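Residues per chain, in single letters:
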Amino acid sequence: DENGRVISMDYSGNTIPLFPNRLANARLTCSFSFADASLHLQHVGNQYLDNTENNDRALDPYTLLNLRLDSQLTFLGFQSIGLSLQLNNVLNEKYIPSGYYDAWSGYNYYFPAATRNYFIELTTKL
């Protein structure tokens, strides 16, 4: 404490820091003649920044929607070319997936996540 005395705290049974109280994932995939399309819904529940279970040291829950398109093409003699597009955070949610509590300063520090972003992947078989 502020007087230099050692204080013993028992946090056994408390939630592990940054371990969400709920995780849920759902995926819907549709196959077409030219491509496969997938929608991925991801929910992450409340998370604590430390093991005190103090609500002032918690991250809010968030839900994300992601989209993926996969297609196989034949081009210039290549046996197969795979083209994929993944669009993450389609709804452009602002959320915080991680952080920490600094006991010395008494402040929460956050690591915000990317807003809408995408990946393009090109693969081939020779």
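Keep in mind that what you see is a predicted model, and the values were worked out from it rather than measured. (Residues numbered from 1 in each chain as written. Predicted model: local features only at pLDDT ≥ 70, side-chain atom pairs only at ≥ 80, totals over all residues. Heavy atoms only, no water.)

Engineer: Whenever I open this one, the pattern of salt bridges confuses me. Can you help?
Structural biologist: Any two side chains of opposite charge can pair if their charged atoms end up close together. Following the criterion strictly, the structure yields three salt bridges and no others. Salt-bridge contacts for Arg57 lead to Asp50; the nearest nitrogen and oxygen are separated by 2.8 Å. In this structure, the salt-bridge partner of Arg68 is Asp70, at a minimum N-O distance of 3.2 Å. A relative accessible area of 23% places Arg68 in the partly exposed class. Overall, Asp70 belongs to the partly exposed group, its relative accessible area being 25%. (Salt bridge = Lys/Arg side-chain N within 4 Å of Asp/Glu carboxyl O. Buried < 20%, exposed > 50% of the residue type's maximum accessible area, 1.4 Å probe, protein only.)

Engineer: Any chance you could explain the side chain of Asp50 here in plain terms?
Structural biologist: In this structure, Asp50 sits in the loop between strand S3 (47–48) and strand S4 (58–59). For Asp50, a relative accessible area of 12% puts it in the buried group. Looking at Asp50, its side chain comes within polar contact range of the side chain of Thr52, at 2.7 Å. Engagement of the side chain of Asp50 in a polar contact is seen with the side chain of Arg57, the distance being 2.8 Å. If near-sequence neighbours (up to four positions away) are discounted, Asp50 is found in contact with Pro17, Arg57 and Tyr101. (Helix = DSSP H or I, 4+ residues; strand = E, 2+ residues; numbered from the N terminus. Polar contact = N/O pair within 3.5 Å; in protein donor to acceptor, adjacent residues only side chain to side chain. Contact = heavy atoms within 4.5 Å.)

Engineer: I'm lost on the packing of aromatic side chains in this one. Help?
Structural biologist: Between two aromatic rings, the relevant description is the distance of the centres plus the angle of the planes. By the definition in use, this model includes four aromatic pairs. Between the aromatic rings of Tyr100 and Phe111, the centroid separation amounts to 6.0 Å while the plane-to-plane angle is 35°, which identifies the pairing as tilted. A residue pair is termed long-range when its members are at least 10 positions apart, and Tyr100 in strand S7 (residues 98–102) and Phe111 in strand S8 (residues 107–111) qualify at eleven residues. Overall, the relative accessible area of 44% leaves Phe111 in the partly exposed class. One aromatic cluster is present, built from ring pairs that chain together Tyr100, Tyr109 and Phe111. For Arg57, the ring lying beneath its charged end belongs to Tyr101, and the centroid distance is 3.7 Å. (Phe/Tyr/Trp six-rings, centres within 6.5 Å; stacked < 30°, edge-to-face > 60°. Lys NZ or Arg CZ within 6 Å of the ring centre and 35° of its normal.)

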